[in-house]
Amino acid sequence: MARKREPIALKPGWALYLRTSSKEAQNPKASQERQRYNIEQRLLRASDMNEIVKVYVDTESGRNPNRTNYQRMLRDARQGKFSHVGIESPERFGRNVEEAIRAFNELRRLGIEIRFASNPAIDSDNPTAEFMIHISFVIGQFESDNLSRRVSGGLYTKMRSGGFAAKAPDGYMNVEQRSDNGNMMRGRYYRWVERDPDRFPIIRLAWDLLLEDRYSLAEICEMLHARGYTFKTGRLFVTLTPKGKKSHARSGLSRIYHNWFYAGWVVGSVGGHDEILPKTIRGDWEAMVTTEEFERAQEILEERSQKRTSSRRHFY
């Protein structure tokens, strides 16, 4: 017969859990400060115990159960490092129903009290209140699902109108501007893509070298590297392997050469919507190469691919 596990001794004190989504338009730091203020005002001030043991902060979607500080909080809870957890609202705790309920129940079994500033009267020890909290987790995931659908729909609408709904590729940069309206509490954000004055000439040079149809991708990497250029991320065009051999970033160049964005066309899909095919919707950014140049580049790459395939068939 298995021995019953002895309950751990809990250190009296509060753990605060603050979370903002990485996709939130608002300043995550400002949101976290607001969450902490609400927790302190509505929970700690009304408690006989107001010591804060630790504050755990995540800037990540609540749908991900592997959030770094969320998991750290659970590990610390199992070691009895606090007796209470303060959270602004159930959706901040998590938007994955199964995981949120599992973690909530685990904390309760450990003897830890969970309180939400959005409804400080709810006592997690009360079965009826516990049921209401579980329902709140369900509502949180429902709202998250609806938000994802609205966001993907908005991004697709932006693409259909010629906008770009992702991180700008090398040679370009994302630009954001807030337009304040005196009749609105919060201004509207406008986002677009424009030339990166530092990167644009580098990537255009890479295109020019390919369009000359004289150099291999490895040779183009060498020429760009010799000028001290790198990719936007800082990745080198040419590196040395541990054995001292040169490694050329051909795949990185290839991705640039196959991206219709550079020819000024919207391509792709989002959120399960119909795919937008090349040469159907013009983008609202300045193209780096013409459509004719882009298609010529594809012909050059295809010809080289066929030559390599033929050589592999005949040489052993």
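As a reminder, the structure under discussion sits directly above these lines.
Residues numbered from 1 in each chain as written. Predicted model: local features only at pLDDT ≥ 70, side-chain atom pairs only at ≥ 80, totals over all residues. Heavy atoms only, no water.

A. Highlighting the environment of Ile-87. Note on placement: Ile-87 falls in strand S3 (residues 84-87). Exposure remark for Ile-87: the relative accessible area of 0% places this residue in the buried category. C-alpha of Ile-87 to C-alpha of Ala-117: the two residues are 30 residues apart in sequence and 6.3 Å apart in space. Dropping the residues within four chain positions of it, Ile-87 is found in contact with Tyr-17, Ile-39, Leu-43, Arg-92, Phe-93, Ile-114, Arg-115, Phe-116 and Ala-117. (Helix = DSSP H or I, 4+ residues; strand = E, 2+ residues; numbered from the N terminus. Buried < 20%, exposed > 50% of the residue type's maximum accessible area, 1.4 Å probe, protein only. Contact = heavy atoms within 4.5 Å.)

B. Spotlight on the layout of surface pockets. In this structure, the second largest pocket encloses a volume near 290 Å³. For the second largest pocket, the lining is made up of 13 residues, of which Asp-170, Phe-231, Thr-233, Arg-255 and Ile-256 are closest to its centre. For the lining of the second largest pocket, the residue count by class is 5 nonpolar, 3 polar and 5 charged. (1 Å grid on protein atoms, 1.4 Å probe; cavity = no way out; pocket = protein on both sides within 12 Å on 5 of 7 lines; lining within 4 Å. Points joined across faces, edges and corners; volume = space filled by probe spheres on them. Nonpolar A, V, L, I, M, F, W, Y, C, P; charged D, E, K, R; others polar.)

C. Up close: the sheet that holds strand S1 (residues 14-20). Reading across the sheet, the 4 strands line up as S2-S1-S3-S4 and stay open at both edges, with parallel pairing between neighbours. Bordering the open sheet on either side are strand S2 (52-59) and strand S4 (113-116), each of which pairs with just one other strand. Averaged over all pairs of adjacent strands, the angle between strand axes in this sheet comes to 20 degrees, irrespective of strand direction. With 4 bridges connecting them, S1 and S3 associate as parallel partners. Residue pairing in the sheet places Ala-15 in a bridge with Val-85 of S3. Against the sheet, helix H1 (residues 28-44) engages S1, S2, S3 and S4, with an angle of about 145 degrees to S1. Across the sheet, helix H2 (residues 68-78) lies against S1, S2 and S3, angled at about 150 degrees from S2, the strand it touches most. (Pairing = 2+ DSSP bridges. Axes fitted to C-alpha atoms, helices over the stretch in contact; angles between N-to-C directions.)

D. How the structure looks around the pattern of salt bridges. For the structure shown, the criterion picks out 21 salt bridges. One network of salt bridges, with partners in common, ties together Asp-213, Arg-296, Glu-299, Glu-303 and Arg-304. (Salt bridge = Lys/Arg side-chain N within 4 Å of Asp/Glu carboxyl O.)

E. Layout of the packing of aromatic side chains. Applying the stated criterion across every chain, the model contains 15 aromatic pairs. Note on Tyr-172 and Phe-261: the rings are 4.7 Å apart at their centroids and 85 degrees apart in plane angle, and the pair reads as edge-to-face. Taken together, the residues span a long stretch of sequence, with Tyr-172 in strand S5 (residues 172-179) and Phe-261 in the loop between helix H8 (250-257) and helix H9 (291-314) at a distance of 89 residues. Given a relative accessible area of 0%, Tyr-172 falls into the buried group. The buried category is assigned to Phe-261, whose relative accessible area is 2%. A centroid spacing of 6.1 Å and a plane angle of 55 degrees characterise the contact between Tyr-172 and Tyr-262, whose relative ring orientation is tilted. (Phe/Tyr/Trp six-rings, centres within 6.5 Å; stacked < 30°, edge-to-face > 60°.)

F. Region of the structure containing the nonpolar core. Tyr-172, Trp-207, Ile-220 and Tyr-257 are the most contacted members of the largest nonpolar core, which has 40 residues in total. For this core, the secondary-structure elements that each account for two or more residues are helix H5 (127-160), helix H6 (200-211), helix H7 (217-226), H8 and H9. At 8 residues, the largest contribution of residues to this core is made by H6. Dropping the residues within four chain positions of it, Ile-220 is found in contact with Ala-206, Leu-209, Leu-210, Tyr-215, Leu-253 and Tyr-257. If you look at the next biggest cluster of nonpolar residues, it comprises 19 residues, including Tyr-56, Ala-100, Ala-103 and Ile-112. (Core = buried A, V, L, I, M, F, W, Y, C linked by side-chain atoms within 4.5 Å.)

G. Spatial organisation of unusual backbone geometry. A positive phi angle is found at Asp-213, which is not glycine, with a value near 55 degrees. Position of Asp-213 among the secondary structure elements: in the loop between H6 and H7. Positive phi, close to 65 degrees, is recorded for Lys-279, a residue that is not glycine.

H. Representation of the pairing of S1 in the model. The element S1 is largely enclosed, with a buried count of 7 among its 7 residues. Residues Trp-14, Leu-16, Leu-18 and Thr-20 line one face of S1 and the alternating positions Ala-15, Tyr-17 and Arg-19 line the opposite face, and both faces are buried. In this structure, S1 lies alongside S2, joined through 7 bridges in parallel fashion. From the neighbouring strand, Trp-14 faces S2, where its bridge partner is Ile-52.

I. Representation of the environment of Glu-286. By the element assignment, Glu-286 lies in the loop between H8 and H9. Look at Glu-286 and you get partly exposed, because its relative accessible area is 42%. Taking C-alpha positions, Glu-286 is 7.2 Å from Arg-195, a pair spaced 91 residues apart along the chain. With sequence-adjacent residues up to four places away left out, Glu-286 is seen in contact with Tyr-172 and Arg-195. In this structure the side chain of Glu-286 is engaged in a polar contact, spanning 3.1 Å, whose partner is the side chain of Arg-195. (Polar contact = N/O pair within 3.5 Å; in protein donor to acceptor, adjacent residues only side chain to side chain.)

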